[in-house]
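Observations on the three-dimensional arrangement
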Amino acid sequence: MDLFLVYSVALAVWLIFSAGVVIFAEYKKLDEVESYFSENERVRDNKRFWGRNQWIDRQYRMLLISEFFSDSKHYLEAGVVTEAELASVPLALKRWMVWPYYLLYILAVGTAIWTFWRWWCDIPLP
């Protein structure tokens, strides 16, 4: 079997897996993590603005909280979040907020490699 075809199938499987993890985190873990930030002004404003509970709303609400965990030093210095708020969230929930985006970063790099490979080898699409 052609290596490019194997890579394409693996990339498609990674896309489905990543989308599943993101959707699970948004619909099953987001409300629980937001409860730890119930007194945070930024989270309350964000939830009020994106509060219709549609997919895009949950995406932006999750993005804010994942930024708190992935760049916590910046948000602590700015006074947006406190050390106690970040420490109160269990490690497993922190991972559920951060890792779906890491999976999407890997997908973006894999897609760039796929595109470059297709262009470099002049592989036609069926």
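Notes on the structure follow. Position numbers for residues count from 1 along each chain, tracking the sequence in the order it is written. Only residues with pLDDT of at least 70 get local features here, since the model is predicted, and only at 80 or more are side-chain atom pairs given and counted; chain-wide, interface and lining totals rely on the full set of residues. Hydrogens are left out, water is left out, and the side-chain values use all remaining heavy atoms of the structure.

**Structural notes on the overall build of the protein chain**
Rule in force here: To qualify as a helix, a DSSP run of H or I must reach at least 4 residues; to qualify as a strand, a run of E must reach at least 2; elements of each kind are numbered from the N terminus. We take the radius of gyration over the C-alpha atoms and set the globule estimate at 2.2 Å times the residue count to the 0.38 power. Each residue is placed in one exposure class: buried if its accessible area under a 1.4 Å probe, protein chains only, is under 20% of its type's maximum, exposed if it is over 50%, and partly exposed if it falls in between. In this analysis, two residues are considered to be in contact whenever any of their non-hydrogen atoms come within 4.5 Å of each other. Values of accessible area rely on a 1.4 Å probe in the Shrake-Rupley scheme; residue burial ignores everything except the protein chains shown. A residue counts as positive if it is Lys or Arg and as negative if it is Asp or Glu; His and the chain ends are not included. Lysine's charge is taken at NZ, arginine's at CZ, aspartate's at CG and glutamate's at CD.
Within the protein chain one finds six helices and zero strands. The secondary structure elements of the protein chain, listed N-terminal to C-terminal, are α-α-α-α-α-α. Since a compact globule built from 126 residues should have a radius of gyration of about 14 Å, the 18 Å found for the protein chain marks it as more spread out than a globular shape. Overall size of the protein chain, expressed as C-alpha extent along the three principal axes, is 55 × 30 × 25 Å. Taking all 126 residues of the protein chain together, 33% fall into the buried category. Pairs at least 24 residues apart make up 75% of the contacts formed inside the protein chain by residues separated by at least 6 positions. Accessible surface for the protein chain amounts to roughly 8300 Å². Of this, 66% is attributable to carbon and sulfur atoms. In the protein chain, the 13 positive side-chain charges and the 15 negative ones have mean positions that sit 4 Å from each other.

**Topic: the nonpolar core**
Which entries qualify depends on this criterion: We define the nonpolar core as a collection of buried residues of types Ala, Val, Leu, Ile, Met, Phe, Trp, Tyr and Cys that are connected through side-chain atoms lying within 4.5 Å of one another.
Membership of the largest hydrophobic core comes to 19 residues, with the highest contact counts inside it found for Val33, Phe37, Ile65, Phe68, Phe69 and Met97. Taken together, the elements giving at least two residues each to this core come down to helix 1 (3–36), helix 3 (55–70) and helix 6 (91–120). Among the elements that take part in this core, helix 3 stands out by supplying five residues, more than any other.

**Things to note about unusual backbone geometry**
The backbone of Asn53 sits at a positive phi, close to 65°, despite the residue not being glycine. You can see Asn53 is positioned in the loop between helix 2 (41–49) and helix 3. In the Ramachandran plot, Asp122 falls in the positive-phi region, its phi being about 55° despite a non-glycine side chain. If you trace the backbone, Asp122 turns up in the segment after helix 6. On the basis of relative accessibility, which here comes to 65%, the residue Asp122 falls in the exposed class.

**A short note on the side chain of Glu85**
In plain terms, the rule: For this analysis, a salt bridge means a side-chain nitrogen from Lys or Arg found within 4 Å of a carboxyl oxygen belonging to Asp or Glu. Polar contacts, as used here, are pairs of N or O atoms within 3.5 Å; protein pairs need one atom able to donate a hydrogen and one able to accept it. Residues neighboring in sequence count only if both atoms are side-chain atoms.
If you trace the backbone, Glu85 turns up in helix 5 (residues 83–88). The side chain of Glu85 is buried and forms no salt bridge, while Arg44, the nearest opposite charge, is found at 8.5 Å. A distance of 3.0 Å separates a polar atom in the side chain of Glu85 from a polar atom in the side chain of Asn40. Ignoring anything within four residues of it in the chain, the contact list for Glu85 reads Phe37, Glu39 and Asn40.

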